[in-house]
Amino acid sequence: MQQDRAVAGLPGAVNTTGAGGGMPEQAAPPVALDDGTKAAIVVRLLLNEGADLPLEELPEALQEKLIQRMGDMRLVDRDTTIRVAQEFATILDSVGLSFAGGLAGALSALDGRISPQTAQRLRKEAGVRQSGDPWDRLQALPVGDLAAMAATESIEVAAVLLSKLETARAAELLAHLPGPLARRITYAVSQTGAVTPDAVYRIGMSLAAQLDDKPVPAFDRAPGERLGAILNQSASATRDEMLSALDETDAAFAGAVRRAIFTFAHIPARLGSRDAAAVVRAVEPATMLAALAGATEPADRAAADFLLDNISNRMADNLREEMAERGAVPAAEADAAMTAVATAIRGLARDGAITLRPEDEDAPAS
């Protein structure tokens, strides 16, 4: 019963003699405590020191055992507390790496570092879902995906989804839903007062499971964007021919491709006049000169004039003099130079250095 005496905080470290009196006996050796008791002591000690322990990440069965063990305990003597704390510190010092969570934890740790196809295949073969809080995953979804999910679920589930999202995200979701559906969901929120945490968790798991079952796309961009990026780097004759063919085959897809295309000829319509100088500085002088001098088609010529008209007079005059000295530019060289200028503009826009207007937006008056 030495363990019970130590854990209860009774004076059991030293045994005394009986009624005859005499010298105290040698202190009894430390009693071995089970892991559950040690865990309860360590957790209580850390909580007393103000540590923020993520106990919610433990499996529910372990949380339950820990709570029950702590509920059964009363007092622990100082020597026992020190011994358990030292043992715990020694174990921590000896740990080099920790691999927790099984296959689900390993896949979550490697998320973004292995291909989505491999991760999905391993989850499917092993029958595991992605670990972690399902609501964190749902919170990170694009608002369009959340709206599609809310539209296909029951009103009650949609109301829980709306309630679990952050306020700003919930407002975005409502704005993406049709008016009648949004009104039904907002009313259903009033009926969620009695929903239990377990029910909310199961709803989250059910919704997140739809993400695991959804096939992983092979491409990270839409078809129109991918083809537009290819045609951006193609010769103008090839680009025009492909777009004409697409117009005859699938006009809607051709429109999506056109929206993804930015060429030299698009400069006047989509580049701000104040950004012209930044573009000229970002391109190699020889390349810019070849593009300006080789722009002979009406649309390309208009783009060249736009750049020259929106930079300093001194820089524009110097470029015009160099263009006159150079003379005619071979068509292939001019086309490559204009493509390089368009590529540089797209790079500046991607880095946030300049802003391109949408293709369907009218250029502001100069």
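To be clear, the structure that these remarks concern was listed above.
First things first, this report covers the structure right here in the doc. Remember, it's a predicted structure, so these values are computed and weren't measured experimentally.

Moving on to helix α14 (residues 236-249). Taking 1.5 Å per residue as the helical rise, α14 with its 14 residues ought to reach 20 Å, and the 20 Å between its terminal C-alpha atoms agrees with that figure. Taken together, the buried positions of α14 are occupied by Arg239, Leu243 and Leu246. Buried residues along α14 cover an arc of 60 degrees about the axis, so they all sit on one side. Those residues of α14 that are exposed and angled more than 90 degrees off the buried face are Ala237, Glu241, Glu248 and Thr249. In this fold, the buried residues of α14 make contact with α13 (223-232) and α15 (251-260).

Before going further, it helps to examine the pattern of salt bridges. In the structure shown here, the tally under the stated rule is seven salt bridges. The residue Asp34 makes a salt bridge to Arg69 at a minimum N-O spacing of 2.6 Å. Placement of the pair is Asp34 in the loop between α1 (2-8) and α2 (35-48) and Arg69 in helix α3 (residues 60-72), with a sequence separation of 35 residues. The class of Arg69 is partly exposed, set by a relative accessible area of 28%.

Bringing the packing of α13 against α15 into the picture now. Contact geometry for α13 and α15: axes closest at 7 Å, N-to-C directions at 55 degrees. As the angle between them shows, α13 and α15 are arranged oblique. α15 is crossed by α13, and the crossing has right-handed handedness. Mapping the contact onto sequence places Pro223, Gly224, Glu225, Leu227, Gly228, Leu231 and Asn232 in α13 and Phe253, Ala256, Val257 and Ala260 in α15. Per-class residue counts for the contact of α13 with α15 are seven nonpolar, three polar and one charged.

Right, let's talk about the packing of α2 against helix α4 (residues 78-94) for a bit. Running from N to C, α2 and α4 cross one another at 95 degrees; their axes reach a closest spacing of 10 Å. Of the possible angle classes, the one that applies to α2 and α4 is roughly perpendicular. For the pair formed by α2 and α4, the contact residues are Lys38, Ile41, Val42 and Leu45 on the first element and Thr80, Thr81, Val84, Ala85, Glu87 and Phe88 on the second. Taken together, the residues of the contact of α2 with α4 break down into six nonpolar, two polar and two charged.

For the rest of this paragraph, the subject is the side chain of Arg346. Looking at where Arg346 falls in the secondary structure, it is placed in helix α21 (residues 331-350). Buried within the structure, Arg346 lacks any salt-bridge partner; Asp335 is the closest side chain of opposite charge, at an N-O distance of 11 Å. For Arg346, the side chain forms a polar contact with the main-chain oxygen of Phe262, separated by 2.8 Å. The contact partners of Arg346, leaving out residues within four places of it in the chain, are Asn232, Gln233 and Phe262.

As a further point, take the side chain of Arg270. Inspection of the secondary structure assignment puts Arg270 in helix α16 (residues 267-270). Here Ile261 takes part through its backbone oxygen, which lies 3.4 Å from a polar atom of the side chain of Arg270.

An α-helical turn contains 3.6 residues, so any two residues separated by three or four positions project in the same direction. Arg169, Ala170 and Leu173 are the residues of helix α10 (residues 167-176) that are buried. Angular distribution of buried residues about the axis of α10 spans 100 degrees; they occupy a single face of the element. Facing away from the buried surface of α10 by more than 90 degrees, the exposed residues are Thr167, Ala168 and Ala175. For α10, the secondary structure elements touched by its buried residues are α7 (134-139), α8 (143-152) and α9 (155-164).

What counts and what doesn't
- Residues numbered from 1 in each chain as written.
- Predicted model: local features only at pLDDT ≥ 70, side-chain atom pairs only at ≥ 80, totals over all residues.
- Heavy atoms only, no water.
- Helix = DSSP H or I, 4+ residues; strand = E, 2+ residues; numbered from the N terminus.
- Expected span 1.5 Å × (residues − 1).
- Buried < 20%, exposed > 50% of the residue type's maximum accessible area, 1.4 Å probe, protein only.
- Arc of directions from axis to C-beta.
- Contact = heavy atoms within 4.5 Å.
- Salt bridge = Lys/Arg side-chain N within 4 Å of Asp/Glu carboxyl O.
- Axes fitted to C-alpha atoms, helices over the stretch in contact; angles between N-to-C directions.
- Parallel < 35°, antiparallel > 145°, perpendicular 65-115°, else oblique.
- Left-handed = near helix turned anticlockwise from the far one by under 90°.
- Nonpolar A, V, L, I, M, F, W, Y, C, P; charged D, E, K, R; others polar.
- Lys, Arg positive; Asp, Glu negative; His and termini not counted.
- Polar contact = N/O pair within 3.5 Å; in protein donor to acceptor, adjacent residues only side chain to side chain.

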